[in-house]
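This is what each chain is made of:
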Amino acid sequence: MLTLLKKIAEIGIVSEPLPAAADEPWLREPLQAEILAVLGRALCIRHVDAGSCNGCELEVHALNNPYYNIEGAGIKFVASPRHADLLLVTGPVSRHMEQALRRTYDATPEPKLVVAAGDCACSGGIFGESYASCGRVTNVIPVDVTVPGCPPTPTRLLRGILAAVKARN
Amino acid sequence: MSPQTQQEPAPIQGDFPARRLTVAADQWVHTAESLRPAGARLLALWASDERDHGADFTVHAAILKPSRLLVLELRVPEQQPVFPSLMPVFPAAARMERAVFDLLGLRAQGGDARPWLRHAAWPQDQFPLRRDFAAHRVFPNAQEAYPFVRVEGDGVHEIAVGPVHAGIIEPGHFRFSVVGEKLLRLEERLGYVHKGIEKRFEQLSLDAGQRLAARVSGDSAVAFSWAYCMALEGICGLAPPPRALYLRALLLERERLANHLGDLGALGNDAGFGFGLAQFSRLKENLLRLNEAAFGARYPMDFVVPGGVAADLAKDSKPPLLRQCAALEREVAGLRRIYDEHSGVQDRFAGCGRVAPELARSLGLMGLAGRASGQARDLRNDVAAPPYDRLSVKTAGRSEGDVAARVAVRFDEALESLRLCRKILDELPPGAVRAALPEQPPEGFGVGLVEGWRGPLLVALEAGPRGTIRRCHPHDCSWQNWPVLEHAVIGNIVPDFPLINKSFNLSYSGQDL
Ligand code: SF4
């Protein structure tokens, strides 16, 4: 127990200010205000892997680490599309996931935002379109914002999420 | 089938001892069986369409005899597209053989006839990896019912989960049969992220294939791209410069570290210890940030290229890399003590999701999970392709086979990777980081073998004329380990499933292809 407390004290708080949606410098507070203004509460994200190589998921996970600490900014990942304001979709859409993605989209209440994250989600990436892949996300459901990168960095992901929130403002 | 006389095995050029041997159908199972007592394991099984070469179809089985690879090959005629199942010798063959039918239409006799990778994207009489199947052909997505195995009995009910899961993970379907809280049976259904990787390879040129290999399973990008390049370099008879091999190993060990750090945190979290997640994810982030400074990207997916690596270490990055090794060694050892002393965490880990060594051996459990169940095998030692022949890796080993043992193996291997990183940096040879591929790579067959963070993985590559890829099969050990997870959960309670699952952390993309 003592070692544990010592560790907590030694590391302290490492969270960093959030990056800008556009170019203006943002701070945690204005962002939180923006989310509140648009949604009236915290932003709930449902992540859907529609066929990714799992590289994108590694960076989506990183958003929860103490540096980005998105929960501290009022953004959290939820377990059901019914609780979600925004779908964060990764990967090209495999044909075997096409229906599951459509169903997830349909289950998300209005107004729903969709962020397509990663080169595959934006364009189909290296997998493209084939007998097994529908390619980019917008071939299957409407997309508000695309975030390129293979995988996109957490900072880029955050920018994309913020851009989607702002676009609806 | 005409009786064939036993041929001599032919060597496969490359970094480690490997041979291929064509056998007759009546020798297929027998040959595999004769290797089993010496501890041989099935590393991969796949098939190819050779009708344009007048050889009908070929089924290939890559068998690892502790330190040598043998690729057994069996010709299968088009008129009678069946072959004997290897399942009685290697249970892990079952799903691979089902995939061979889905993709090439060759049926393993005596096996499970249900589809595995094919759901609804193409009909059951179409076979995507046949050469006359057009990659872009799209079929109507007709849903087909999949016959799960039902457990009957008083009070038994089913819980169906997925393909979309509650967390940030890959899609797959799990069917649990439970009585109260207790798990009687788990049946997995995968294939949701099948995106036609093997067909896609055949549209790429040999010198671009490593980019796709890196994206077979993104968490093992370095391992897969290295295995691909190893296969291609074997075909070309090309040895990358020593500095390039050291840099590949440095990045492979950092990939191992990143995954172990991430999973150790997630395992703490799944056991109700959020502190672990916060600390380990902080360490992982530090590692990724230094990757960006030293290798140009947090996840340098395209760093390993045919002939070497894409770039040298960034200037002046050796001292910070060494400093990070020291800092991580201290922090990981400290966190290990905290995990060890935390009775709540230990209570969840110990005895949970146990795979006994005997079961692990018979099912062919591989990699880190295998090493936690008494299967002390590691390609970095067994095969020791350069530069591992000079690094003498200490193989981790436990025999309890529970979550606690898999956690212990991850701690041991993370610390060993840190030692290796330091050694690699200290001994980093000078010189070039890339050798040129021949302008016109020769046709031929090559194999790459790499011990990724999860376990052994293989890339089998057939180079066609004019720098084309004729066939490429990337194989992750998740193929072997997924079926063992079904056994590991039996008798545990439902809420422990996420913890057990995480302790294996298998790839969906890497096996769905
Ligand atoms: S964008 Fe890159 S990391 Fe993301 S799924 Fe596609 S290949 Fe993988």
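Residues numbered from 1 in each chain as written. Chains lettered and ligands numbered in written order. Predicted model: local features only at pLDDT ≥ 70, side-chain atom pairs only at ≥ 80, totals over all residues. Heavy atoms only, no water.

Here the focus is the nonpolar core. In terms of nonpolar packing, the biggest core is built from 175 residues, with Leu69(B), Tyr228(B) and Leu458(B) touching the most fellow members. If we ignore the near neighbours within four places in the chain, the residues touching Leu69(B) are Phe16(B), Pro17(B), Ala18(B), Arg19(B), Leu43(B), Ala62(B), Ile63(B), Leu64(B), Val447(B), Leu449(B) and Leu458(B). Leu43(A), Leu63(A), Tyr68(A) and Val165(A) belong to the second largest nonpolar core, which has 22 residues in total. (Core = buried A, V, L, I, M, F, W, Y, C linked by side-chain atoms within 4.5 Å. Buried < 20%, exposed > 50% of the residue type's maximum accessible area, 1.4 Å probe, protein only. Contact = heavy atoms within 4.5 Å.)

Here the focus is the pattern of salt bridges. Residues and elements named next belong to chain B. Tallying each qualifying case throughout the model produces 45 salt bridges over all chains. Of the charged contacts in the structure, one is a salt bridge between Arg 98 and Asp 112, with a shortest N-O distance of 3.3 Å. A residue pair is termed long-range when its members are at least 10 positions apart, and Arg 98 in helix H2 (residues 93-104) and Asp 112 in the loop between strand E7 (107-109) and strand E8 (156-161) qualify at 14 residues. Given a relative accessible area of 6%, Arg 98 falls into the buried group. Accessibility expressed as a relative area gives 31% for Asp 112, which makes it partly exposed. Across the salt bridge formed by Arg 256 and Glu 253, the nearest N and O atoms sit 2.9 Å from each other. In this pair, Arg 256 and Glu 253 are both assigned in helix H6 (residues 242-270), three residues apart and thus about one turn of the helix distant. The class for Arg 256 is buried, based on a relative accessible area of 0%. Beyond isolated ion pairs, a larger network of salt bridges with shared partners links Glu 253, Arg 256, Arg 371, Asp 378, Arg 380, Glu 413 and Glu 451. (Salt bridge = Lys/Arg side-chain N within 4 Å of Asp/Glu carboxyl O. Helix = DSSP H or I, 4+ residues; strand = E, 2+ residues; numbered from the N terminus.)

Our focus in this paragraph is the packing of aromatic side chains. One pass over the full model with this rule turns up 19 aromatic pairs over all chains. Here Phe174(B) and Phe176(B) contribute two aromatic rings whose centre-to-centre distance is 6.3 Å and whose plane-to-plane angle is 45 degrees, an arrangement assigned as tilted. Looking at Phe174(B), the relative accessible area reads 2%, which means it is buried. Ring centres of Tyr339(B) and Phe411(B) lie 5.8 Å apart, and the angle between their planes is 85 degrees; on these two criteria the pair is classed as edge-to-face. Separated by 72 residues along the polypeptide, Tyr339(B) in helix H8 (residues 318-341) and Phe411(B) in helix H13 (residues 403-427) bring together distant segments of the chain. For the pair formed by Tyr339(B) and Phe411(B), the shared burial category is buried. One aromatic cluster is present, built from ring pairs that chain together Phe273(B), Phe275(B), Phe280(B), Tyr339(B), Phe349(B) and Phe411(B). The side chain of Lys112(A) reaches across the aromatic face of Tyr105(A), ending 4.3 Å from its centre. (Phe/Tyr/Trp six-rings, centres within 6.5 Å; stacked < 30°, edge-to-face > 60°. Lys NZ or Arg CZ within 6 Å of the ring centre and 35° of its normal.)

Segments scoring low in pLDDT should not have their predicted coordinates read at a detailed level. Residue and element names in this part refer to chain A. On average, residues of chain A score 87 in pLDDT, and 89% of them are at 70 or above. The spread of mean pLDDT over the elements of chain A runs between helix H2 (residues 28-39), the lowest at 66, and helix H5 (residues 119-123), the highest at 97. Below a pLDDT of 50 lies the segment residues 21-27, which in the model reaches 14 contacts outside its immediate sequence neighbourhood of four places, other chains included. (pLDDT = per-residue confidence, 0-100.)

All names here are of chain B. Locating Leu 45 in the fold gives a position in strand E3 (residues 41-49). What makes Leu 45 buried here is its relative accessible area of 3%. Distance in space between the C-alpha atoms of Leu 45 and Ala 93 is 6.9 Å, their sequence separation being 48 residues. Not counting the four nearest positions on each side in its chain, Leu 45 is found in contact with Val 59, His 60, Ala 61, Leu 86, Ala 93, Met 96, Glu 97, Val 100, His 473 and His 475.

Bringing the interface of chain B and chain A into the picture now. Taken together, the 62 residues of chain B in the interface contact 50 residues of chain A. Buried surface at the junction of chain B and chain A, summed over both partners, amounts to about 4400 Å²; 61% is from carbon and sulfur atoms. Of all residues in chain B, Val164(B), Ile168(B) and Lys195(B) bury the most surface against chain A, accounting for 17% of the area lost on that side. At the surface where chain B touches chain A, the tally comes to two salt bridges. Counting the contacts that link chain B with chain A gives 26 residue pairs in polar contact (both at pLDDT 80 or more). When contributions to the side of chain B that touches chain A are tallied by element, the ones reaching two or more residues are helix H3 (197-201), helix H4 (209-213), helix H7 (274-295) and H8 of chain B. The element contributing the most residues to the side of chain B that touches chain A is H7(B), with 10 residues. When the residues that make up the side of chain B that touches chain A are grouped by side-chain class, the tally is 28 nonpolar, 17 polar and 17 charged. (Buried area = accessible area lost by both parts, 1.4 Å probe. Polar contact = N/O pair within 3.5 Å; in protein donor to acceptor, adjacent residues only side chain to side chain. Nonpolar A, V, L, I, M, F, W, Y, C, P; charged D, E, K, R; others polar.)

This part takes up the sheet that holds strand E5 (residues 145-147) of chain A. All names here are of chain A. Here we have five strands laid out as an open sheet, ordered E2-E1-E3-E4-E5, and parallel in their pairing. For this open sheet the edge positions go to strand E2 (75-77) and E5, each flanked by a neighbour on one side alone. Averaged over all neighbouring strand pairs, the angle between strand axes comes to 25 degrees, with direction disregarded. Bridging between strand E4 (residues 113-117) and E5 involves three bridges; their strand directions are parallel. Residue pairing across strands places Ala 116 opposite Thr 146, the latter belonging to E5. In the packing of helix H3 (residues 55-62) onto the sheet, the strands contacted are strand E1 (43-49), E2, strand E3 (86-90) and E4, and the crossing angle to E3 comes to about 140 degrees. (Pairing = 2+ DSSP bridges. Axes fitted to C-alpha atoms, helices over the stretch in contact; angles between N-to-C directions.)

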